[in-house]
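If you want the building blocks of each chain, they are given just below.
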Amino acid sequence: MRFFLLFGILGFCSIILASCATLNEEECFSVNWKDLGTVDGLNGYALARQEKHARACDKHQVAMDRSAYALGWNAGIKNYCTPINGYKLGLRGAYYRNSCPSDIAPAFLGTYRPAYRLYDAKGDVRRAEHEVDRLLDKITDLAHSKEPDAKEELKKTRYQLTSARRDLDHARDDLHAAQTAIQFILAENPEFRGI
């Protein structure tokens, strides 16, 4: 129940904060600093984000309750910096802000980095495949071309295709290595399956 309440707060505060880059005057007077800290922690922001909120509210002569914010942030960041969340974020290619405290960062990064590597490797393979396909299409067009420089361009494009295929092989090797690392994580953490 507490978990659902926490994410309900997250949703509510996310809507409020999404409407502007910083807190406005009304929000400064009405904000629950602990809840805001929790939301920022759950979203993976570093504790230093409180400075933006403090500056925004200083403009309206509202003092930030830093201890309440920190209390909320600590609770939120502990939920953010879990191995399963690191894994999910990495698979989506989400940006990590180096916000996890040093005592829990290794467990988070132990799943985030390999999952992000898999995300990155899949993108590299897609880009390399697209380049090979593009060059094959270009070769087909050049082979049927009557242009005077088509023969020289065809030779150059075939060379580019050889290089692109080599890049694709490397990208597939990297993808295989990333998939192997993920298989190890899944063997160690069966609850990650299906994510």
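Residues numbered from 1 in each chain as written. Predicted model: local features only at pLDDT ≥ 70, side-chain atom pairs only at ≥ 80, totals over all residues. Heavy atoms only, no water.

Trainee: Describe unusual backbone geometry, listing the residues and the values that go with them.
Mentor: In most cases, non-glycine residues show a negative phi, while peptide bonds are predominantly trans. Positive phi is not limited to glycine here, since glutamine 61 has a value of about 55°. Take glutamine 61: it is sitting in the loop between helix H4 (50-58) and helix H5 (66-80). The residue asparagine 98 is not glycine, and still its phi comes out positive at about 55°. Mapped onto the elements, asparagine 98 comes out in the loop between helix H6 (83-92) and helix H7 (105-143). Asparagine 98 gets classed as exposed once you look at its relative accessible area, which sits at 63%. (Helix = DSSP H or I, 4+ residues; strand = E, 2+ residues; numbered from the N terminus. Buried < 20%, exposed > 50% of the residue type's maximum accessible area, 1.4 Å probe, protein only.)

Trainee: Break down the confidence of the model for the protein for me, with residues and values.
Mentor: Detailed reading of the predicted coordinates is not advisable wherever pLDDT falls low. Averaged over every residue, the pLDDT of the protein is 90; residues scoring 70 or more account for 89%. Residue range residues 3-7 is modelled with pLDDT below 50. Its contacts to residues more than four positions away, or to other chains, number four contacts. Scored below 50 in pLDDT, residues 12-21 shows 10 contacts in the model against residues more than four places distant or in partner chains. (pLDDT = per-residue confidence, 0-100. Contact = heavy atoms within 4.5 Å.)

Trainee: Explain the state of the cysteines to me, and be specific about the residues and the numbers.
Mentor: As enumerated under the stated definition, the model contains two disulfides in all. Residue cysteine 28 pairs covalently with cysteine 57 via a disulfide, S to S 2.1 Å. Because the torsion about its S-S bond is -90°, the bridge between cysteine 28 and cysteine 57 counts as left-handed. Taken together, the residues cysteine 28 in helix H2 (residues 25-30) and cysteine 57 in helix H4 connect sequence positions 29 residues apart. Given a relative accessible area of 0%, cysteine 57 falls into the buried group. At a sulfur-sulfur separation of 2.1 Å, the disulfide partner of cysteine 81 is cysteine 100. (Disulfide = S-S within 2.5 Å.)

Trainee: So what's going on with helix H3 (residues 33-42)? Residues and values would help.
Mentor: Among the 10 residues that make up H3, eight are buried, leaving the element largely enclosed by the rest of the structure. Along H3, the residues that are buried comprise Trp33, Leu36, Gly37, Thr38, Val39, Asp40, Gly41 and Leu42. Where H3 begins, the side chain of asparagine 32 points an oxygen toward the backbone nitrogen of lysine 34, at a separation of 3.1 Å. Just downstream of H3, glycine 44 is the residue with a positive phi angle, here 80°. (Polar contact = N/O pair within 3.5 Å; in protein donor to acceptor, adjacent residues only side chain to side chain.)

Trainee: So, a negative patch on the surface: which residues are in play, and what are the values?
Mentor: On the surface, a cluster of negative charge is contributed by Asp167, Asp169, Asp173 and Asp174. Inspection of the secondary structure puts aspartate 173 in helix H8 (residues 150-188). Assessed through its relative accessible area of 52%, aspartate 173 is described here as exposed. (Patch = residues over 30% accessible without salt bridge, like charges linked within 9 Å, V, L, I, M, F, W, Y side chains within 5 Å. Areas by Shrake-Rupley, 256 points an atom, 1.4 Å probe, with all protein chains shown as cover. Salt bridge = Lys/Arg side-chain N within 4 Å of Asp/Glu carboxyl O. Lys, Arg positive; Asp, Glu negative; His and termini not counted. Charge placed at Lys NZ, Arg CZ, Asp CG, Glu CD.)

Trainee: Lay out the pattern of salt bridges in plain terms, naming residues and giving numbers.
Mentor: Scanning the model with the defined rule gives six salt bridges in all. In this structure, lysine 138 engages glutamate 153 in a salt bridge whose closest nitrogen and oxygen atoms are separated by 3.0 Å. Taken together, the residues lysine 138 in helix H7 and glutamate 153 in helix H8 connect sequence positions 15 residues apart.

Trainee: Quick rundown of the nonpolar core? Include the residues and the values.
Mentor: One finds Leu23, Trp33, Tyr80, Tyr96, Cys100 and Phe108 to be the most contacted residues of the largest nonpolar core, which totals 23 residues. Elements with a minimum of two residues in this core: H3, H4, H5 and H7. The biggest single contributor to this core is H5, with five residues. Ranked by size, the runner-up nonpolar core spans 22 residues in total, among them Ala115, Val125, Ile139 and Leu168. (Core = buried A, V, L, I, M, F, W, Y, C linked by side-chain atoms within 4.5 Å.)

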